[in-house]
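Residues per chain are reported as follows:
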There are 2 protein chains.
Amino acid sequence: MKINVVKKVLKANDIVANENREVFKKAGVLAVNFISSPGSGKTTLLEKTTEALLPDQKSIVVVGDLQTTRDAERLAPNSLQVTQINTGMSCHLYANQVAESLDDLDLDKGDYLFIENVGNMVCPGEFDLGENLKVILLSVPEGDDKVAKYPTIFRVADLVLLTKSDLLGKLNFDLDRVKEDVAKLNANVKMIEISSQEGDGMEEWLNWLKSKRHDCVGHQAKFATEE
Amino acid sequence: MKINVVKKVLKANDIVANENREVFKKAGVLAVNFISSPGSGKTTLLEKTTEALLPDQKSIVVVGDLQTTRDAERLAPNSLQVTQINTGMSCHLYANQVAESLDDLDLDKGDYLFIENVGNMVCPGEFDLGENLKVILLSVPEGDDKVAKYPTIFRVADLVLLTKSDLLGKLNFDLDRVKEDVAKLNANVKMIEISSQEGDGMEEWLNWLKSKRHDCVGHQAKFATEE
């Protein structure tokens, strides 16, 4: 009985996710869903990313949180638009919440749609939002056993960002173990060690993002300055 | 429709939680539910806690994880018994999962039942397991904005442990802000700064735990060595 209900919710979510996917495609934005535990550094990474993409490439951001608009406020300065979805009691975003937020956004004017999911290492991996790519963040302070313990999201990852990499060597963290555990779950997924604070790995991350935009959306930035 | 289903699940959970509560009371154990994000240090804290309580006070541990038995293996050395509950896709423990695990445990012989929930800052706060106390861990690397962003679990906390406190001063973390945010949600809850690595705060934590056991269970350790 309970399982049937969950299946129904998931199926309804998939229908809306597919509609979102069509909207993103038509608008020519690369939609990226950022998933991690609370405190892995999603917002800080997005602050640095939206800043680095300017002035050529425009970011639109949708942020999911139980409550508060703090992340949206932090992301506003370098984004074309920011929408905050307050999920109340829900530990992940649903596709229909993203769909509702799209009415207020000028997707046609953006190059990227960054969706910052609720901080949670489990459920966000199960709910398709219609995004092109899922980026999973794991921060060094969380520990090297988290891939094996929370396999769901690593199985669906298009990229793994090992964040707060400046703490490698300072905290007890077996990088090889993490790489092995990721490879077991998702053989070909790329992993980038990144520090939003220090800047290490930022260039590699931005290049990955831009190449994916090129692959998926297939044309140059909408407002690229002419050279 | 969807809300009704959730309510039904919650109600069924509460019935089983109340049954668990009776079992714990009859057995004379203090049941403590540990809730936090992945990587906040629940397992390390429990390793140190079960070790410190020995030889006078016996711990029984139930560990919830999506998969793997790593935490159970880590906790076995200093515990009377350890049971691992693999939740599969669920991001929190249900009362009936705890109830099922009790058949294999000699609660009568234990002083404490420590329940390590699945790493998640949202849903575990909504599902009563029948425990006497909820202890919420927040680690310094997660950041000082997490109380405001994930208020649900702080509202129901009987104690907040600020873990990895040895990183205070090394990472950007506004302790006063955290204290204020906690006080807004849960005026009288106690907070202890603790470092499982360095030992700071351990004595205060153990004293709190022992006093709560005394208050709730009302008698001395079952196997206290005679003096």
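Described in the following lines is the structure provided in the data block. (Residues numbered from 1 in each chain as written. Chains lettered and ligands numbered in written order. Predicted model: local features only at pLDDT ≥ 70, side-chain atom pairs only at ≥ 80, totals over all residues. Heavy atoms only, no water.)

## Topic: the overall build of chain A
Looking only at helices and strands, chain A features eight helices and seven strands. Relative to its 227 residues, chain A shows a buried fraction of 57%. The long-range share in chain A, meaning contacts at least 24 apart out of those at least 6 apart in sequence, stands at 73%. Just so you have it, chain A exposes about 9,800 Å², and 47% of that area is on carbon and sulfur atoms. The positive charge centre, built from 27 side chains, and the negative charge centre, built from 36, are 5 Å apart in chain A. (Helix = DSSP H or I, 4+ residues; strand = E, 2+ residues; numbered from the N terminus. Buried < 20%, exposed > 50% of the residue type's maximum accessible area, 1.4 Å probe, protein only. Contact = heavy atoms within 4.5 Å. Areas by Shrake-Rupley, 256 points an atom, 1.4 Å probe, with all protein chains shown as cover. Lys, Arg positive; Asp, Glu negative; His and termini not counted. Charge placed at Lys NZ, Arg CZ, Asp CG, Glu CD.)

## What to know about the interface of chain A and chain B
On the chain B side, the residues contacting the 39 residues of chain A number 39 residues. Carbon and sulfur atoms make up 57% of the area that chain A and chain B hide from each other, which totals about 3,100 Å². Among the residues of chain A in contact with chain B, A:P38, A:R70 and A:K149 are the three that bury the most area, contributing 20% of the side total. On the surface where chain A and chain B come into contact, there are six salt bridges. Between B:R70 and A:D181 there is a salt bridge; the shortest N-O distance is 3.8 Å. Residue assignment for the side of chain A that touches chain B shows that the elements contributing at least two residues are α1 (2–27), α3 (70–75), α5 (146–149), α6 (151–155) and α7 (175–185) of chain A. Looking at the side of chain A that touches chain B residue by residue, the class counts come to 16 nonpolar, nine polar and 14 charged. (Buried area = accessible area lost by both parts, 1.4 Å probe. Salt bridge = Lys/Arg side-chain N within 4 Å of Asp/Glu carboxyl O. Nonpolar A, V, L, I, M, F, W, Y, C, P; charged D, E, K, R; others polar.)

## Comments concerning the side chain of B:T152
You can see B:T152 is positioned in helix α6 (residues 151–155). Sequence-distant contacts of B:T152, defined by excluding residues within four places in its chain, comprise A:L66, A:M89 and B:E126.

## Remarks on the environment of A:N186
Residue and element names in this part refer to chain A. Within the secondary structure, N186 sits in the loop between α7 and β7 (190–193). Remark: the alpha-carbon pair of N186 and S101, spanning 85 residues in sequence, is separated by 31 Å. A distance of 3.3 Å separates a polar atom in the side chain of N186 from the backbone oxygen of R155. (Polar contact = N/O pair within 3.5 Å; in protein donor to acceptor, adjacent residues only side chain to side chain.)

## Regarding the sheet that holds strand β5 (residues 133–139) of chain A
Residues and elements named next belong to chain A. The strand order across the open sheet built from seven strands is β3-β2-β4-β1-β5-β6-β7, with neighbouring strands paired in parallel fashion. Edge positions in the sheet fall to β3 (81–86) and β7, since each has one partner strand and no second. Adjacent strand axes in the sheet meet at a mean angle of 20° when their direction is disregarded. Of the pairings in the sheet, the one linking strand β2 (residues 59–65) to strand β4 (residues 112–116) comprises five bridges and is parallel in character. Note that in β4 the partner of V63 across the bridge is E116. (Pairing = 2+ DSSP bridges. Axes fitted to C-alpha atoms, helices over the stretch in contact; angles between N-to-C directions.)

## So, the pairing of strand β6 (residues 159–163) of chain A
Residue and element names in this part refer to chain A. Burial of β6 is extensive: five of the five residues sit out of reach of the surface. Burial of β6 is two-sided: the residues L159, L161 and T163 facing one way and the residues V160 and L162 facing the other way are all buried. Bridge count between β5 and β6: five bridges; the pairing is parallel. Bridging from a neighbouring strand, S139 pairs with T163 of β6. Relative to β7, β6 is paired through four bridges, and the arrangement is parallel. Pairing of V160 across the sheet is with M191, part of β7.

## What to know about the relation of the copies chain A and chain B
Rotating chain A by 180° and translating it 0.0 Å along the rotation axis places it on chain B, where the RMSD comes to 0.0 Å. What the superposition gives is, in effect, a two-fold axis relating one chain to the other. The overlap is high: 100% of the interface residues of chain A also sit at the interface in chain B, so the same surface is used on both sides. (Least-squares fit on C-alpha atoms with pLDDT ≥ 70 in both.)

## Remarks on the packing of helix α2 (residues 42–53) of chain A against helix α8 (residues 202–217) of chain A
Residues and elements named next belong to chain A. The geometry of α2 relative to α8 is characterised by a closest axis approach of 11 Å and an angle of 70° between their N-to-C directions. As judged from the angle between their axes, α2 and α8 are roughly perpendicular. Seen from above, α2 lies across α8 with right-handed handedness. Residues L45, K48, T49, A52 and L53 of α2 pack against M202, W205, L206, L209 and K210 of α8. (Parallel < 35°, antiparallel > 145°, perpendicular 65-115°, else oblique. Left-handed = near helix turned anticlockwise from the far one by under 90°.)

## Observations concerning the pattern of salt bridges
Across all of its chains, the model carries 25 salt bridges over all chains by this definition. The residue A:D144 makes a salt bridge to A:R177 at a minimum N-O spacing of 3.2 Å. Highlighted residues: A:D144 in the loop between β5 and α5 and A:R177 in helix α7, separated in sequence by 33 residues. Taking the relative accessible area as the measure of exposure, A:D144 reaches 14% and is therefore buried. The structure contains a network of salt bridges with shared partners spanning A:D65, A:D71 and B:K149.

## A short note on the sheet that holds strand β1 (residues 30–35) of chain B
Residue and element names in this part refer to chain B. The strand order across the open sheet formed by seven strands is β3-β2-β4-β1-β5-β6-β7, and the pairing between neighbours is parallel. The strands lining the two open edges of the sheet, one partner per strand, are β3 (81–86) and β7 (190–193). Averaged over all pairs of adjacent strands, the angle between their axes in this sheet comes to 20°, without regard to strand direction. Where β1 lies against strand β5 (residues 133–139), four bridges are found, and the strand directions are parallel. By the bridge assignment, V32 is partnered in β5 with L133.

## As for the nonpolar core
A:L138, A:F154, A:V182, B:L138, B:F154 and B:V182 are the most contacted members of the largest nonpolar core, which has 46 residues in total. Where this core is concerned, the elements lending two or more residues are β5, α6, β6 and α7 of chain A together with β5, α6, β6 (159–163) and α7 (175–185) of chain B. (Core = buried A, V, L, I, M, F, W, Y, C linked by side-chain atoms within 4.5 Å.)

## Examining the environment of A:D176
Mapping A:D176 onto the fold places it in helix α7. When the C-alpha positions of A:D176 and A:D144 are compared, they lie 9.0 Å apart, and in sequence the two are 32 residues distant.

Interpretation note: all reported values are geometric properties and have no functional meaning in isolation.
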